[in-house]
Number of protein chains: 2
Amino acid sequence: MSSIPDLTAHLGYLLRMVSNAVSQEFARKVAREGVTVAEWVMLRALFGRDAITPTALAGEMGMTKGAISKLAERLLDKGLIERTDNATDKRGHSLSLSPRGADKVPILAALADTNDAAFFAVLSGDQRDHLQGVLRDIIGKHGLTVVPVD
Amino acid sequence: MSSIPDLTAHLGYLLRMVSNAVSQEFARKVAREGVTVAEWVMLRALFGRDAITPTALAGEMGMTKGAISKLAERLLDKGLIERTDNATDKRGHSLSLSPRGADKVPILAALADTNDAAFFAVLSGDQRDHLQGVLRDIIGKHGLTVVPVD
DNA sequence: TATTGTTATACTCTATAACTATA
DNA sequence: TATAGTTATAGAGTATAACAATA
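Every value quoted in this text rests on a predicted model; they were computed, and no experiment measured them. (Residues numbered from 1 in each chain as written. Chains lettered and ligands numbered in written order. Predicted model: local features only at pLDDT ≥ 70, side-chain atom pairs only at ≥ 80, totals over all residues. Heavy atoms only, no water.)

### Overview of the nonpolar core
Right, so step 1: Judged by nonpolar contacts, the single largest core of 92 residues is most densely connected at A:Trp40 and B:Trp40.
Right, so step 2: If we skip the residues at most four places from it in the chain, A:Trp40 touches A:Phe26, A:Val105, A:Leu108, A:Ala109, A:Ala112, B:Leu7, B:Tyr13 and B:Arg16. (Core = buried A, V, L, I, M, F, W, Y, C linked by side-chain atoms within 4.5 Å. Buried < 20%, exposed > 50% of the residue type's maximum accessible area, 1.4 Å probe, protein only. Contact = heavy atoms within 4.5 Å.)

Set out below in structure tokens:
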């Protein structure tokens, strides 16, 4: 008789809620280091690897070329990444961390460590491991690119 | 010797990746119904309950009054919610679903159902249950408000 | 004065599409 | 023509802070 739908929270909904909460806290912390979460993701993607073209990076990060271009410009302004002209093809170039950017990554990684530890301290070690396993499972099966390959 | 930090993906990072993937897919689907994800969250929050003040809603949704005001204005324009003047205090008013909005919620909920089912089909039933349990645990222990109380 | 809500302003994030320079 | 990348434009999402009306 009633048309009240079953509003039991969906997994995607719960996931978004938790994800937003962690990310917002993290965003405040990295802001003190002068970067945004998206910038951190790009820095992380560039760490410990060869220079990469914007287009390739766009593919890995699941963003458009335009978005990468804008993000890269801000990181260039902040002196955290560098552009290197392509020797053979004058249209392209490569992006890589600057020395300052490379120094920054461990600092930001440490912030991520403490933020994660604090936020997920409400879980048991087993729960954390399980959660990590399930998330990696989803990522693998959907072919999502874990940008910073580890 | 090396200064390479341990970039093992953090839980917050994995969570954000998965959450973004689900939400982006869902966003495309609800867009066909003419609403955004944030609008769906507000509609869901208003469903099956008494009218609520913008300030109270802001508290529940973890947003500022200004953000709620902007979101509400769009939903008013779309005819999905209604404003009712407060009888006793002329400063305030209450928000509630319009008949059209109330009709829309089940449709959007069904979209969320199918989107969730499709996305999380890569998991076993046990994994899904476990994931839901862990997320609810985090939400409860952090006192995050599951907007649409169920 | 304090509170309710709107508005002004600003910035991030992101997409689409037009454009430039090169191939 | 096709490709690499930038830029222009636009809109969502969100915050802060100034503001108007009322209490």
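Back to the text.
### Quick look at the relation of the copies chain A and chain B
Right, so step 1: For the pair chain A and chain B, the relating rotation is 180 degrees, the translation along its axis is 0.0 Å, and the fit reaches an RMSD of 0.1 Å. Here the transformation between the copies is reduced to the relation of a two-fold axis.
Right, so step 2: Both copies present the same face, since 100% of the interface residues in chain A are matched by interface residues at the equivalent positions in chain B. (Least-squares fit on C-alpha atoms with pLDDT ≥ 70 in both.)

### Some thoughts on the packing of aromatic side chains
Right, so step 1: Throughout the structure, instances matching the rule amount to 4 aromatic pairs over all chains.
Right, so step 2: Between the aromatic rings of A:Phe119 and A:Phe120, the centroid separation amounts to 5.1 Å while the plane-to-plane angle is 70 degrees, which identifies the pairing as edge-to-face. Of the two residues, A:Phe119 and A:Phe120, both sit in the buried class.
Right, so step 3: The ring of A:Tyr13 has B:Arg44 sitting right over it, with the charged end atom 4.3 Å from the ring centre. (Phe/Tyr/Trp six-rings, centres within 6.5 Å; stacked < 30°, edge-to-face > 60°. Lys NZ or Arg CZ within 6 Å of the ring centre and 35° of its normal.)

### Comments concerning empty space enclosed by the protein
Right, so step 1: Applying the stated criterion across every chain, the model contains 2 cavities of 30 Å³ or more.
Right, so step 2: There is about 90 Å³ of room inside the largest cavity.
Right, so step 3: Contributing to the lining of the largest cavity are A:His10, A:Gly12, A:Tyr13, A:Arg16, B:Val22, B:Ser23, B:Phe26, B:Trp40, B:Ala112, B:Asn115 and B:Asp116.
Right, so step 4: If you list the elements that add at least two residues to the lining of the largest cavity, you get helix 1 (11-31) of chain A together with helix 1 (11-31) and helix 5 (99-119) of chain B.
Right, so step 5: Classifying every residue of the lining of the largest cavity gives 5 nonpolar, 4 polar and 2 charged.
Right, so step 6: The wall of the second largest cavity is formed by A:Val22, A:Ser23, A:Phe26, A:Trp40, A:Ala112, A:Asn115, A:Asp116, B:His10, B:Gly12, B:Tyr13 and B:Arg16.
Right, so step 7: Only helix 1 and helix 5 (99-119) of chain A together with helix 1 of chain B provide two or more residues apiece to the lining of the second largest cavity.
Right, so step 8: Its residues placed into classes, the lining of the second largest cavity shows 5 nonpolar, 4 polar and 2 charged. (1 Å grid on protein atoms, 1.4 Å probe; cavity = no way out; pocket = protein on both sides within 12 Å on 5 of 7 lines; lining within 4 Å. Points joined across faces, edges and corners; volume = space filled by probe spheres on them. Helix = DSSP H or I, 4+ residues; strand = E, 2+ residues; numbered from the N terminus. Nonpolar A, V, L, I, M, F, W, Y, C, P; charged D, E, K, R; others polar.)

### Describing the protein's contact with DNA strand C
Right, so step 1: Taken together, 23 residues are adjacent to DNA strand C, and A:Lys70, A:Lys90, B:Thr55, B:Arg83 and B:Arg91 come closest.
Right, so step 2: A:Thr64 places a polar main-chain atom, nitrogen or oxygen, 3.3 Å from a phosphate oxygen of DNA strand C.
Right, so step 3: Between a phosphate oxygen of DNA strand C and a side-chain N or O atom of A:Arg74, the distance comes to 2.9 Å.
Right, so step 4: Put simply, the parts of the chain that give the surface near DNA strand C at least two residues each are helix 2 (37-46) and helix 4 (65-77) of chain A together with helix 3 (54-61) and helix 4 (65-77) of chain B. (Near = heavy atom within 4 Å. Polar contact = N/O pair within 3.5 Å; in protein donor to acceptor, adjacent residues only side chain to side chain.)

### Digging into the packing of helix 3 of chain B against helix 4 of chain B
Residue and element names in this part refer to chain B.
Right, so step 1: Where helix 3 meets helix 4, the closest approach of the two axes is 9 Å, and the angle between their N-to-C directions is 105 degrees. On the basis of their axis angle, the class for helix 3 and helix 4 is roughly perpendicular. Facing helix 3, whose interface residues are Pro54, Thr55, Leu57, Ala58 and Met61, helix 4 presents Lys65, Ile68 and Leu71.
Right, so step 2: Along the lines of polarity and charge, the residues of the contact of helix 3 with helix 4 split into 6 nonpolar, 1 polar and 1 charged. (Axes fitted to C-alpha atoms, helices over the stretch in contact; angles between N-to-C directions. Parallel < 35°, antiparallel > 145°, perpendicular 65-115°, else oblique.)

### Observations concerning the interface of chain A and chain B
Right, so step 1: The interface of chain A with chain B comprises 53 residues on the first partner and 54 residues on the second.
Right, so step 2: Of all residues in chain A, the largest losses of buried area upon contact with chain B belong to A:Leu7, A:Leu11 and A:Tyr13, amounting jointly to 13% of the total for that side.
Right, so step 3: For the pair chain A and chain B, the interface holds 0 salt bridges.
Right, so step 4: Counting across the interface, chain A meets chain B through 14 residue pairs in polar contact (both at pLDDT 80 or more).
Right, so step 5: Listed by contribution, the elements that provide at least two residues to the side of chain A that touches chain B are helix 1, helix 2, helix 5 and helix 6 (125-142) of chain A.
Right, so step 6: Per element, the largest residue contribution to the side of chain A that touches chain B is 13 residues, and it comes from helix 6 of chain A. (Buried area = accessible area lost by both parts, 1.4 Å probe. Salt bridge = Lys/Arg side-chain N within 4 Å of Asp/Glu carboxyl O.)

### Considering the protein's contact with DNA strand D
Right, so step 1: Near DNA strand D, the surroundings consist of 23 residues, among which A:Thr55, A:Arg83, A:Arg91, B:Lys70 and B:Lys90 are the closest.
Right, so step 2: Here a phosphate oxygen of DNA strand D and a side-chain polar atom of A:Ser69 are 2.8 Å apart.
Right, so step 3: A:His93 has a polar backbone atom sitting 3.1 Å from a phosphate oxygen of DNA strand D.
Right, so step 4: Secondary-structure elements contributing two or more residues to the surface near DNA strand D are helix 3 (54-61) and helix 4 of chain A together with helix 2 (37-46) and helix 4 of chain B.
Right, so step 5: The leading source of residues in the surface near DNA strand D is helix 4 of chain A, at 4 residues.

### Regarding the layout of surface pockets
Right, so step 1: Considering only enclosed or pocket space, the largest pocket measures out at about 670 Å³ in volume.
Right, so step 2: Along the walls of the largest pocket sit 26 residues, with A:Met17, A:Asn20, A:Gln24, B:Met61 and B:Gly62 positioned nearest its centre.
Right, so step 3: When residues of the lining of the largest pocket are traced back to their parent elements, those giving at least two are helix 1 of chain A together with helix 1, helix 2 and helix 3 of chain B.
Right, so step 4: Looking at which element gives the most residues to the lining of the largest pocket, the answer is helix 1 of chain A, with 9 residues.

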